[in-house]
Amino acid sequence: MQPLRNFLSFLCLGALSWRAVTGTTYFQSSDYSGGALGLGPYQTYKSSSSTPSAWNFVVPYNDSTSDQIESGLIFVAPRGTNVNSPGALIYDKTGELIWDGTHFGQTLTFKMATYKGDPVILLWTGSVAGSGVGSGYDLILNNKYEIIANFTAVNLNGSLADFHDIQMTSNNTALITAYQAKTWDLSAFNIADGWLLDSVAQEVDPSNGNAIFTWTASDHVDPNSCFASPGTTGTSADNPWDFFHINSIDKDSAGNYLISSRHCHAVYYVASSGDIIWTMGGHNTTLTASDGTTFAWQHDVRWHNDETQISLFDNEGTAWELDSSNSRGLLLDFDASNNSFSTNKQWIPYNVTVSESQGNVGILSSGNTLIGWGQIPYFSEYDANGQFLYVVQFGVGDVQSYRAYHYNWTATPNTRPSVFVETDGSNTTVYTSWNGATEVDTWQLSGSTTDSPQLAIPISNTSRSGFETAVSVTDSTKNFTYFQVAALNSNKKIIAYSNFTASDGSQQDPAANQTVDSSSSTGSNSTGSSSSSGSIQVVVDSRMITAVFVAVWTLAFIV
């Protein structure tokens, strides 16, 4: 909880900067929400080209709520015409960037899961059509941000994986969505040579790409039973009618599937045979509903509590129709013995508005709930009683995130930390960051006064401060040519070394014996041997002597 308390103290200092600069998070900023900072404010750094969306805490933490905030990280993927760099982003809960994954491009589904016993990231990459569906590939990344699986939908006449969902099962299979255009008789709508955009749910084995289960909506649901008429669509393969619009799929302990249809306002419980067991909502519901349970244009339908509860994001609107004054998160109690459902809890957005697309509900282990408001660039965390703990705005104009998630994610990238050296007269500042690293506690700075950067002497140890840490070089008696940082974890073990970097931007690789254990975030702690002058002399063939001198050097600065 200490980082949150530090952040609260920071907020109390007063008004924040008017510009989005390194590490800036805004607090109840009318300039931000009014667009004076631009329609998509973002942060910038010296040591990184990342430009993540900047946050505005519309409702901030306070002393009475900070201890209720569940620790963890926020996964969002801002996109839209006012987003400077669309794509996957991980933040801590103060708004500091942890990982910039925008090099994968615009994405919608971006979440954490477990695969073969290990925590992984699931990320969709591909192209998004104007009709609101996708065609691409699903990636699995390990905790070094390496791609360990790349798969897509199969046996669908060339149709690829859609962005709406990726869900891992306990059997290490993936539940995914896809869309397939096909000819269809639409003469009832006065459309000759009609075309349907069919929704497909698949269960795929990421290890070999084979499909285990395929369910096609038109085989089981009458297109005329849904709420989105063809309108001007359905006339060609490039303009098919999306009657169903699948947007989530879940699987229960019995091996059955929970499939959400946005355009049918319905949730279908589907057997492994493909047959529909029951339908919740829509024109043809087979369950008994209590008052207040009606939902429309929904997203993100999930089982909870041993399949006795179902959560969903109730949009209550779309681009062409509004059915209520606001969207909401919804938790339903499901009574299988009586085939009925009732409202357990609902969450109303801070700005009481309709999010016409996207959105999700994430029920956390503490009983808190994190809700991403989809097309509206907000997410908010609620306590177990449904009260706001905080509300974050991450854009003003065309800025949105398909979903927002909370996870406890730990990662040590396979890259090196980045360093930028800035010299202003006799003053030198070294900026350092390590994209995606969650375990850095301290930055250890060394400098070399020779053209051989491997001859380095220690300068200082500095606690990590946000995504990018600035370290002032205060020893004016030495004219350092190159600088290097080592990343230390909370156990004071070196887990990574940067390149040696000069103020003109030139770089050299770390010393040959500056290696860490790639299989563990603790790593090794070997940096070189020490000469009598106090510099660190690299002696690659003298590892034992090196280790002794390094231990003394490291301990001196830790203590």
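We now turn to the structure provided with this report. Each residue is numbered by its place in its chain's sequence as written, counting from 1. With the structure being a predicted model, the display of local features is reserved for residues of pLDDT at least 70 and the display and counting of side-chain atom pairs for 80 or more, all residues being used for whole-chain, interface and lining totals. Hydrogens and waters are ignored; side-chain quantities use all the structure's heavy atoms.

1. Description of the overall build of the chain
So, point 1. The secondary structure content of the chain amounts to three helices and 40 strands.
So, point 2. The proportion of buried residues among the 559 residues of the chain is 55%.
So, point 3. By definition in these notes, contact holds between two residues if any of their heavy atoms fall within 4.5 Å. Restricting to contacts in the chain with at least 6 residues of sequence separation, those with at least 24 account for 54%.
So, point 4. Carbon and sulfur atoms provide 46% of the accessible area of the chain, an area that totals close to 22600 Å². Working definition: helices are DSSP H or I runs of at least four residues, strands are E runs of at least two. Numbering for both runs from the N terminus. Under the scheme applied here, a residue whose accessible area is under 20% of the maximum for its type counts as buried, over 50% as exposed, and between as partly exposed, the area being computed with a 1.4 Å probe on protein chains only. Calculation of accessible area relied on Shrake-Rupley with a 1.4 Å probe; when residues are assessed, cover is drawn exclusively from the protein chains displayed.

2. Observations concerning the environment of Pro 377
So, point 1. With respect to the helices, strands and loops of the structure, Pro 377 is situated in the loop between β26 (369–372) and β27 (378–382).
So, point 2. The spatial distance from the C-alpha of Pro 377 to the C-alpha of Gly 397 is 8.5 Å, given a sequence separation of 20 residues.
So, point 3. Not counting residues within four places of it along the chain, the set of residues in contact with Pro 377 comprises Val 392, Gln 393, Phe 394, Gly 395, Val 396 and Val 399.

3. Some thoughts on the packing of aromatic side chains
So, point 1. Under the pairing criterion, centres of Phe, Tyr and Trp rings, with the six-membered ring standing for Trp, must be within 6.5 Å; the plane angle then separates stacked pairs below 30 degrees from edge-to-face pairs above 60, leaving the rest tilted. Tallied over the entire structure, the rule returns 36 aromatic pairs.
So, point 2. Each ring, one from Trp 55 and one from Phe 379, has its centre 5.1 Å from the other, and the planes form 75°; the classification is edge-to-face. Of this pair, Trp 55 sits in the loop between α2 (30–33) and β2 (56–59) while Phe 379 is found in strand β27, placing the two residues 324 residues apart along the sequence. The exposure classification of Trp 55 matches that of Phe 379, with both residues buried.
So, point 3. Ring geometry for Trp 278 and Trp 303: centres 6.4 Å apart, planes at 85°, overall edge-to-face. Here Trp 278 is found in strand β17 (residues 276–281), whereas its partner Trp 303 is found in strand β19 (residues 299–304), with 25 residues between them in sequence. Exposure class is identical for Trp 278 and Trp 303. Each is buried.

4. Overview of the state of the cysteines
So, point 1. Here, a disulfide means two cysteine sulfur atoms that sit within 2.5 Å of each other. Counted under the stated rule, the structure contains one disulfide.
So, point 2. The partner cysteine of Cys 226 in its disulfide is Cys 264, sulfur to sulfur 1.7 Å. Sign of the S-S torsion, about 65° for the bond between Cys 226 and Cys 264, identifies this disulfide as right-handed. Note that Cys 226 is positioned in the loop between β13 (211–216) and β14 (246–251) and Cys 264 in the loop between β15 (257–261) and β16 (266–270), a separation of 38 residues in sequence.
So, point 3. Cys 226 gets classed as buried once you look at its relative accessible area, which sits at 11%.
So, point 4. Exposure remark for Cys 264: the relative accessible area of 2% places this residue in the buried category.

5. Let's talk about the environment of Ser 50
So, point 1. Within the secondary structure, Ser 50 is located in the loop between α2 and β2.
So, point 2. In sequence terms Ser 50 and Ser 85 are 35 residues apart; their C-alpha atoms lie 8.0 Å from each other.
So, point 3. Look past the residues within four positions of Ser 50 in its chain and what remains in contact with it is Gln 43, Thr 44, Tyr 45, Leu 97 and Asp 100.
So, point 4. For the purposes of these results, a polar contact is taken to be a pair of N or O atoms within 3.5 Å, where, inside protein, one atom must be able to donate a hydrogen and its partner to accept one; residues adjacent in sequence count only when each atom of the pair is a side-chain atom. Here Ser 48 takes part through its side chain, which lies 3.0 Å from a polar atom of the side chain of Ser 50.
So, point 5. Within the local environment of Ser 50, its side chain forms a polar contact with the side chain of Asp 100, the two groups lying 2.6 Å apart.

6. Here's the deal with the sheet that holds strand β1 (residues 26–27)
So, point 1. Strands pair, by our definition, only if DSSP identifies at least two bridges between them. Here six strands make up an open sheet; going across it, the order is β1-β2-β28-β27-β26-β25 and the pairing mixed. Edge positions in the sheet fall to β1 and β25 (360–363), since each of these pairs with one other strand and no more.
So, point 2. Judged from the five bridges that link them, β27 and strand β28 (residues 388–393) form a sheet pairing that is antiparallel. When the bridges of β28 are listed, Glu 381 appears paired with Tyr 390.

7. As for the pairing of strand β35 (residues 482–488)
So, point 1. Where burial is concerned, most of β35 is hidden: seven out of the seven residues are buried.
So, point 2. The two faces of β35 match: Tyr 482, Gln 484, Ala 486 and Leu 488 on one face and Phe 483, Val 485 and Ala 487 on the other face are all buried.
So, point 3. Here strand β32 (residues 442–448) pairs with β35 via seven bridges, running antiparallel. Residue Ser 448 lies in a different strand from β35, and its bridge partner there is Tyr 482.
So, point 4. One ladder, built from two bridges, connects β35 with strand β37 (residues 500–502); its direction is antiparallel. When the bridges of β37 are listed, Phe 483 appears paired with Thr 501.
So, point 5. Both β35 and strand β36 (residues 494–497) contribute to a ladder of three bridges, which runs antiparallel. If you follow Ala 487 over to β36, its bridge partner there is Ala 496.
So, point 6. In textbook terms, the turn of a hairpin is the stretch between consecutive antiparallel strands, and for β35 and β36 this stretch comprises five residues, one of which, Lys 492, has a positive phi near 65°.

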